[in-house]
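The chain contents come next:
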Amino acid sequence: MVGFAVGRGGSLTTVATFEIEYLQYMDADGRLVRDDLPEFARDPARLVELYKQMLRVRSFDTKAIALQRTGKLGTYASCLGHEATHIGIGAAMQYDDVLAPSYREYGAQFMRGVRPRDVLMYWGGDERGNDFAGPPHDYPWCVPIGTQCLHAAGAALAFKLRGEPRVGVACVGDGGSSKTDTYAAINSAGAYGLPFIQCIINNQWAISVPRSAQTGAKTLAQKGLAGGLESLQVDGNDIIAVHAAMDHALKRARNGHGGSVIEFVTYRLSDHTTADDARRYRPDDEVKAAWEREPMKRLRTWLIAQKAWSEAEETEWKAECGREIDAEVDAYLGSRAQPVESMFDHIYGEMPEDLAAQRAEVVAREARR
């Protein structure tokens, strides 16, 4: 609980108090810790579908790393360990909502129709990867940390002004939650009552900086309190809790009750990117303990116990995912390389004169070659 007080005549008066609640339905051992399951989670078949999508994105992640290691992909940011958070976010959103991702939310984007080949083209250095097969109104991947939060808040402002029942959703990491862009988005959403959700994906490490070293806040969720947003901390490895939290926040926002900040507590099981070696700064025992809490294991354990899933079905689904991903890889590798001047073609809706002149110069030089 956080309290604020003002002094007068030697006494203190509490003017406001706050609490950050924690949401979890399934523990690390695959046991339910609450009996008030949300409606979608009462159907094991629905959880099987979510698990299959988690397995799909993990299969993709493994393939993408292999492509990078063999020189067929540029630097790649793995999402290993984030499967429940990403799939839960994407599954809860409606098509007309807007997602402003950072550079790691592939699972959420797959749930919204983005193709694996789009992700591969982006990390392969081809801007056509941002021309999503999914919702064209979603924002492209954002490497500058935190700026996507302002974009989602801006979209939410447009939705409110137009009276549209749509929500702007931004994803940012624990490190990015300390950026001024994120704070500005939260403050704007609170000040104007915007249909905005700030998802803070707390994977414990901002590249090589532990969460404890980059903020003194007890939780990252409480960063929403100063902006006047409903704030919640969630077990980000629990797909039921993630989906339920998003359902609640989306419904509130859509019905005009304001925005939310949700901290999803998970762990980055991989290196920050393929250009990083996390063994230099992360304790081995910490990573080992995180593998015991990872999202796939707990849900698979529960599904098997419910006789809703089997090892044979897992093997068959992995094979199906492998075939799909191989086809997507072939599409990526078979795409024609863009001409050099295409670097100018995906920046502005209407190209400024100075860039148009530079583009013409590049075309002329290429022609002379």
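The coordinates are above.
Before going into details, it helps to say that this report is about the structure given with it.

The next point concerns the overall build of the protein chain. Regarding its fold elements, the protein chain presents 12 helices and 10 strands. Compactness check: the protein chain gives a C-alpha radius of gyration of 22 Å against a globular reference of 21 Å for 369 residues, within 12% of the reference. Seen along its three principal axes, the alpha-carbon backbone of the protein chain occupies a region of about 80 × 55 × 45 Å. Relative to its full complement of 369 residues, the protein chain shows a buried share of 49%. Within the protein chain, contacts between residues separated by at least 24 positions form 69% of all contacts whose residues are at least 6 apart in sequence. Summed over its atoms, the accessible surface of the protein chain is roughly 17500 Å², and 51% of this surface lies on carbon and sulfur atoms. When the 43 basic and 51 acidic side-chain charges of the protein chain are each reduced to a single mean position, those positions are 2 Å apart.

There is about 380 Å³ of room inside the largest pocket. Along the walls of the largest pocket sit 25 residues, with Tyr103, Arg104, Ile145, Gly173 and His272 positioned nearest its centre. Counting only elements with at least two residues in the lining of the largest pocket, the list comes to strand 5 (168-173) and strand 7 (205-206). When its residues are assigned to classes, the lining of the largest pocket shows 11 nonpolar, 11 polar and 3 charged.

Let us look at the sheet that holds strand 4 (residues 98-100). Within a sheet, each strand pairs with its neighbour through backbone hydrogen bonds, oriented either parallel or antiparallel. Spatially, the 6 strands line up as an open sheet ordered 3-9-10-6-5-4, and their pairing is parallel. Only two strands of the sheet have a single neighbouring strand rather than two, namely strand 3 (21-23) and strand 4. Across the sheet, the mean angle separating the axes of adjacent strands is 25° when strand polarity is ignored. Here 6 bridges tie strand 5 to strand 6 (residues 196-202), and the two strands are oriented parallel to one another. Of the residues in strand 6, the one forming a bridge with Gly173 is Ile201. Relative to strand 6, helix 6 (residues 180-192) is tilted by about 145°, and along the sheet it contacts strand 5, strand 6 and strand 10 (260-265).

This part covers helix 8 (residues 239-254). Under the 1.5 Å per step criterion, the end-to-end length of helix 8 is 22 Å for 16 residues, consistent within 8% with the ideal 22 Å. The complete set of buried residues in helix 8 reads Ile239, Ile240, Ala241, Val242, His243, Ala244, Ala245, Met246, Ala249, Leu250, Arg252 and Ala253. The residue sitting at the N-terminus of helix 8 and contributing the capping side-chain oxygen is Asp238; that oxygen lies 3.0 Å from the backbone nitrogen of Ile240. Directly beyond the C-terminal end of helix 8, a positive phi value near 85° is found at Gly256.

Quick look at the packing of aromatic side chains now. A complete count under the given rule lists 10 aromatic pairs for this structure. Aromatic pair Tyr76 and Tyr106: ring centres 5.5 Å apart, planes at 15°, arrangement stacked. Here the residue Tyr76 occupies a position in the loop between helix 1 (44-69) and helix 2 (83-92), and Tyr106 occupies one in helix 3 (residues 106-111), the gap between them amounting to 30 residues. Judged by relative accessible area, which is 0%, Tyr76 ranks as buried. Through a chain of ring-to-ring contacts, three or more aromatic side chains come together here, namely Phe60, Tyr76, Tyr106, Phe110, Tyr122, Trp123, Phe132 and Trp141. The ring of Phe110 is capped by Arg56, whose NZ or CZ atom sits 5.1 Å from the centre of that ring.

What follows deals with a nonpolar patch on the surface. Taken together, the side chains of Leu157, Leu161 and Tyr192 make up a nonpolar region of the molecular surface, amounting to roughly 340 Å² of accessible area. Looking at the element boundaries, Leu157 is found in helix 5 (residues 147-162).

Attention now moves to the packing of helix 5 against helix 6. At a closest axis distance of 7 Å, the pairing of helix 5 and helix 6 adopts a crossing angle of 15°. With respect to their mutual orientation, helix 5 and helix 6 come out roughly parallel. Classified by chirality, the crossing of helix 6 by helix 5 is left-handed. For the pair helix 5 and helix 6, contact is made by Thr147, Cys149, Leu150, Ala153 and Lys160 and by Asp181, Thr182, Ala184, Ala185 and Tyr192, respectively. Its residues assigned to classes, the contact of helix 5 with helix 6 shows 6 nonpolar, 2 polar and 2 charged.

This brings us to the pattern of salt bridges. Working definition: two side chains of opposite charge can pair if their charged atoms are close together. Inspection of the entire model under this criterion finds 27 salt bridges. Asp126 is paired through a salt bridge with Arg128; the nearest N and O atoms lie 2.6 Å apart. Accessibility expressed as a relative area gives 26% for Arg128, which makes it partly exposed. As a salt-bridge pair, Arg166 and Glu164 come within 3.1 Å of each other at their nearest N and O atoms.

Calculation criteria
Residues numbered from 1 in each chain as written. Predicted model: local features only at pLDDT ≥ 70, side-chain atom pairs only at ≥ 80, totals over all residues. Heavy atoms only, no water. Helix = DSSP H or I, 4+ residues; strand = E, 2+ residues; numbered from the N terminus. Rg over C-alpha atoms; globule rule 2.2 N^0.38 Å. Buried < 20%, exposed > 50% of the residue type's maximum accessible area, 1.4 Å probe, protein only. Contact = heavy atoms within 4.5 Å. Areas by Shrake-Rupley, 256 points an atom, 1.4 Å probe, with all protein chains shown as cover. Lys, Arg positive; Asp, Glu negative; His and termini not counted. Charge placed at Lys NZ, Arg CZ, Asp CG, Glu CD. 1 Å grid on protein atoms, 1.4 Å probe; cavity = no way out; pocket = protein on both sides within 12 Å on 5 of 7 lines; lining within 4 Å. Points joined across faces, edges and corners; volume = space filled by probe spheres on them. Nonpolar A, V, L, I, M, F, W, Y, C, P; charged D, E, K, R; others polar. Pairing = 2+ DSSP bridges. Axes fitted to C-alpha atoms, helices over the stretch in contact; angles between N-to-C directions. Expected span 1.5 Å × (residues − 1). Polar contact = N/O pair within 3.5 Å; in protein donor to acceptor, adjacent residues only side chain to side chain. Phe/Tyr/Trp six-rings, centres within 6.5 Å; stacked < 30°, edge-to-face > 60°. Lys NZ or Arg CZ within 6 Å of the ring centre and 35° of its normal. Patch = residues over 30% accessible without salt bridge, like charges linked within 9 Å, V, L, I, M, F, W, Y side chains within 5 Å. Salt bridge = Lys/Arg side-chain N within 4 Å of Asp/Glu carboxyl O. Parallel < 35°, antiparallel > 145°, perpendicular 65-115°, else oblique. Left-handed = near helix turned anticlockwise from the far one by under 90°.

What is shown is where atoms sit, not what they do.
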